[in-house]
Amino acid sequence: MRPPERTRQELDPVGAFASRAITIGSALVAFAFAAAMVVSYIDWIKNPALALMGLLSLGVASIIVTSATDPYRGPFHRGPHGWVVALSILAGAFITAGAWDTDALFALGWVGPASLGLYSIGMAAYRPVREIVAYGALASVFMGFTSMLQAQANPLPNVPDAAIVGIHLLPLLALNFSAAAFTHSIIQSIERMRAEARAAERLSAEQETGVARSVQQDRVTILNREVVPFFTEVLGGREITPDVREHARSIADAIRAVMVAEVDRTWLENLVEHLRARARRHGEAPDGARVVFDDDNVANLMTYDQRTALRALLVAIFDLTDDRPQNLEIVIARVGERCQGFVAVDIDMVDPLVKSKFGPYLAVMRVVFRRLRAEHLQSVLTVRFSYDQR
């Protein structure tokens, strides 16, 4: 399992998902800009095949950016990031070679750097700041070398070669470093909020004694309501009859069953029961079939973040089905040194609508569980995930 990374997607999956429109837009604008530049100078390009290969490279880079950042596929790894950078460098070299020794060479020298700068904006939410800067600087070296070669081959009157290189690299450096600076500020804000949340969590831990006392008081209340009246009735009578003994036995069995059930229940079972209770509050009878299958109680081995992500998904399922999800099934079990989970439910929606409704929740789960697979086939939403045994 890969280690966590200091990215916006890792620290704030929902926020990264919300900026996905910017990612898709930047990828489309990058390719559209390159295509417009090539078409504008098509009459000056000596080798259209090389220019077409450059556009093809940028098209593949745009597809990688838009597809690899999909919450159904993420998280966005270093590999796709590297491929986008490499394809952008290659595209710039192809387009430059196609227009070599022509008047269009200076204008087309912007295509590769500007496209990669736009890609950097789109990928900034998914990669660490250091990696964004490092890849941008490395690409600047290669693209600057290409720009220097073309400046020497086709010099402009009264314009130094270094100035041409700087002009060509300006879009890449400006967009890349701006995206990195913005991402760095967002990450710092998220980390400050997390530090404050951990402080609040420590404060709540200090109040556990009071919570335990409150739970104990609830147990005393149950005894006062059930047991004390029975004892009062027994003490007021003259003898203990078989009916009295049977009544005492039934009270003891009922209290024991309630306490054993509460001890054996996992947080997941309590959550599902709570969600089902919402239907009862509306006067409806919820489905009484068993939903959670967790014989080893391994749901309690999830981390706080994993529990929160799974809880959010289940609440969304109940909300979108009016508290009556059909054929909901949750299975969690130990498999070797890991725990594997399975959630399945009937969702009568078209696939794009399912992705729109559940995309944010799956984006969060994909980050906290690392290994997650979600699919919607024949109106059944299936989510498979795994996690370590703590």
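Residues numbered from 1 in each chain as written. Predicted model: local features only at pLDDT ≥ 70, side-chain atom pairs only at ≥ 80, totals over all residues. Heavy atoms only, no water.

### Focus on the sheet that holds strand β5 (residues 380-388)
This is how the line gets drawn: Paired strands are those between which DSSP finds at least two bridges. Helix and strand definitions follow DSSP, with helices as H or I runs of at least four residues and strands as E runs of at least two, each counted in order from the N terminus. Here, residues are in contact when the closest pair of their heavy atoms is within 4.5 Å. Where helices are involved, their axes are fitted lines through C-alpha atoms of the stretch in contact, as for all axes, and angles between N-to-C directions lie from 0 to 180°.
Within the open sheet, the five strands sit side by side as β1-β2-β3-β5-β4. Their pairing is mixed. With partners counted over all chains shown, the strands left at the sheet margins are β1 (292-293) and β4 (371-377), one partner each. Bridging between β4 and β5 involves seven bridges; their strand directions are antiparallel. By the bridge assignment for β5, L372 is matched with F385. Strand contacts of helix α13 (residues 304-320): β2 (326-335), β3 (338-346) and β5, with the helix running at about 10° to β3, the strand carrying the most contacts. Packing against the sheet, helix α14 (residues 351-369) makes contact with β4 and β5, and its axis sits at approximately 5° to β5.

### As for the side chain of R338
As a reminder of what qualifies: For every residue, the accessible area obtained with a 1.4 Å probe (protein chains only) is divided by the maximum for its type, and the residue is called buried under 20%, exposed over 50%, and partly exposed between those limits. A 3.5 Å cut-off defines polar contacts: any pair of N or O atoms within that distance qualifies, except that in protein one atom must be a possible hydrogen donor and the other a possible acceptor, and neighbouring residues in sequence count only when both atoms are side-chain atoms.
Topologically, R338 is positioned in strand β3. The exposure class assigned to R338 is buried, which follows from its relative accessible area of 14%. Polar side-chain contacts of R338 include one of 2.4 Å to the side chain of D388.

### A short note on empty space enclosed by the protein
Where we set the bar: Put simply, the grid is 1 Å and covers the protein atoms alone, a cavity is a trapped set of points that fit a 1.4 Å probe, a pocket is an open set with protein on both sides within 12 Å along at least five of seven lines, and lining residues have an atom within 4 Å of a point. Grid points are joined across faces, edges and corners, and a volume is the space filled by probe spheres set on the points. Residues were grouped as follows: Ala, Val, Leu, Ile, Met, Phe, Trp, Tyr, Cys and Pro as nonpolar; Asp, Glu, Lys and Arg as charged; and all remaining residues, including Gly, as polar.
The tally for this structure, following the rule as stated, stands at one cavity of 30 Å³ or more. By volume, the largest cavity amounts to about 50 Å³. Lining the largest cavity, in full, are Q9, P13, A16, F17, T69, P71, Y126 and A363. Residues belonging to the lining of the largest cavity are distributed by class as follows: six nonpolar, two polar and no charged.

### Digging into the environment of A86
Tracing the backbone through its elements, the reader meets A86 in helix α5 (residues 78-98). Separated by 49 residues in the primary sequence, A86 and Y135 have C-alpha atoms spaced 9.5 Å apart.

### A closer look at helix α4 (residues 48-68)
Spelled out, the test is: Here the expected span of a helix is defined as 1.5 Å times the quantity of residues minus one.
Taking 1.5 Å of rise per residue, the 21 residues of α4 would be expected to cover 30 Å, and the 30 Å separating its terminal C-alpha atoms lies within 8% of that figure. The set of residues buried in α4 consists of A51, G54, L55, S57, L58, G59, A61, S62, I64, V65 and A68. Tucked into the core, α4 has its buried residues touching α3 (20-40), α5 and α7 (111-123).

### Things to note about the side chain of Q150
Structurally, the position occupied by Q150 is in helix α8 (residues 129-153). Taking relative accessible area as the criterion, Q150 reaches 4% and is therefore assigned buried. Within the local environment of Q150, its side chain forms a polar contact with the backbone oxygen of L105, the two atoms lying 3.2 Å apart. Contacts of Q150, omitting those with residues within four sequence positions, involve T96, W100, L105, F106, G109 and H168.

### Focus on a nonpolar patch on the surface
Our working rule: Patch members must show over 30% relative accessible area and no salt bridge, and they are joined within 9 Å when carrying like charges or within 5 Å when they are nonpolar side chains of Val, Leu, Ile, Met, Phe, Trp or Tyr. The Shrake-Rupley method, run with a 1.4 Å probe, gives the accessible areas here. Residue values count only the displayed protein chains as cover. Definition used for salt bridges: Asp or Glu carboxyl oxygen within 4 Å of a side-chain nitrogen of Lys or Arg.
Side chains of W100, F145 and L149 sit close together on the surface and give an oily, nonpolar patch of about 300 Å² of accessible area. Residue placement: W100 occurs in the loop between α5 and α6 (105-108). On the accessibility criterion, W100 (32% relative accessible area) is partly exposed.

### Considerations on unusual backbone geometry
The phi dihedral of N327 falls on the positive side, at around 55°, and the residue is not glycine. Phi angles above zero are rare outside glycine, and S379 is one such case at about 65°. Checked against the element boundaries, S379 lands in the loop between β4 and β5.

### A closer look at the packing of α3 against α4
The criterion, for reference: Oblique is the label for any angle not under 35 degrees, not over 145, and not in the 65 to 115 range, which are roughly parallel, roughly antiparallel and roughly perpendicular in turn.
Two elements in contact, α3 and α4, have axes separated by 9 Å at closest approach and are oriented at 175°. For the element pair α3 / α4, the angle class is roughly antiparallel. Facing R20, T23, I24, A27, F31, A34, A35 and V38 of α3, the residues of α4 in contact are A51, L55, L58, G59, S62, V65 and T66. By residue class, the composition of the contact of α3 with α4 is 10 nonpolar, four polar and one charged.

### Brief notes about α13
The end-to-end C-alpha distance of α13, which contains 17 residues, comes to 24 Å, matching closely the 24 Å that a straight helix rising 1.5 Å per residue would cover. Those residues of α13 not exposed but buried are Q306, A309, L310, L313, L314, A316, I317 and F318. Of the residues one or two after α13, D322 is the one with positive phi, at around 55°.

### Some words on the nonpolar core
Applicable threshold: Definition used in this section: a nonpolar core is a set of buried Ala, Val, Leu, Ile, Met, Phe, Trp, Tyr and Cys residues joined via side-chain atoms within 4.5 Å.
Counting 38 residues, the largest nonpolar core has L268, I330, V383 and F385 as the members making the most contacts within it. Membership of the second largest hydrophobic core comes to 37 residues, among which are A51, L58, V65 and A104.

### Observations regarding the confidence of the model for the chain
This is how it is decided: The predictor attaches a confidence to each residue, called pLDDT, with possible values from 0 through 100.
For the chain, per-residue confidence averages 80 on the pLDDT scale, and residues scoring 70 or more make up 77% of the total. Contacts for the low-pLDDT stretch residues 203-208, under 50 throughout, to residues beyond four places or in other chains number zero contacts.

### A short note on the pattern of salt bridges
Counting across every chain of the model gives seven salt bridges. With a shortest N-O distance of 3.0 Å, R78 and E131 are connected by a salt bridge. Note that R78 is positioned in helix α5 and E131 in helix α8, a separation of 53 residues in sequence. With a relative accessible area of 7%, E131 lands in the buried category. Look at the salt bridges and you will find they share partners, linking R78, R127 and E131 into a network.

### Considering the packing of α4 against α5
What counts here: In this scheme the handedness of a crossing depends on how the near helix is turned from the far one: anticlockwise by less than a right angle means left-handed, clockwise means right-handed.
With their axes 7 Å apart at the nearest point, α4 and α5 run at an angle of 160° to one another. The pairing of α4 with α5 is recorded here as roughly antiparallel in orientation. Here α4 runs over α5; the crossing is left-handed. Residues L50, A51, M53, G54, S57, L58, V60, A61, I64, V65 and A68 of α4 form the contact with α5, whose participating residues are P80, W83, V84, L87, S88, L90, A91, F94, I95, A97 and G98.

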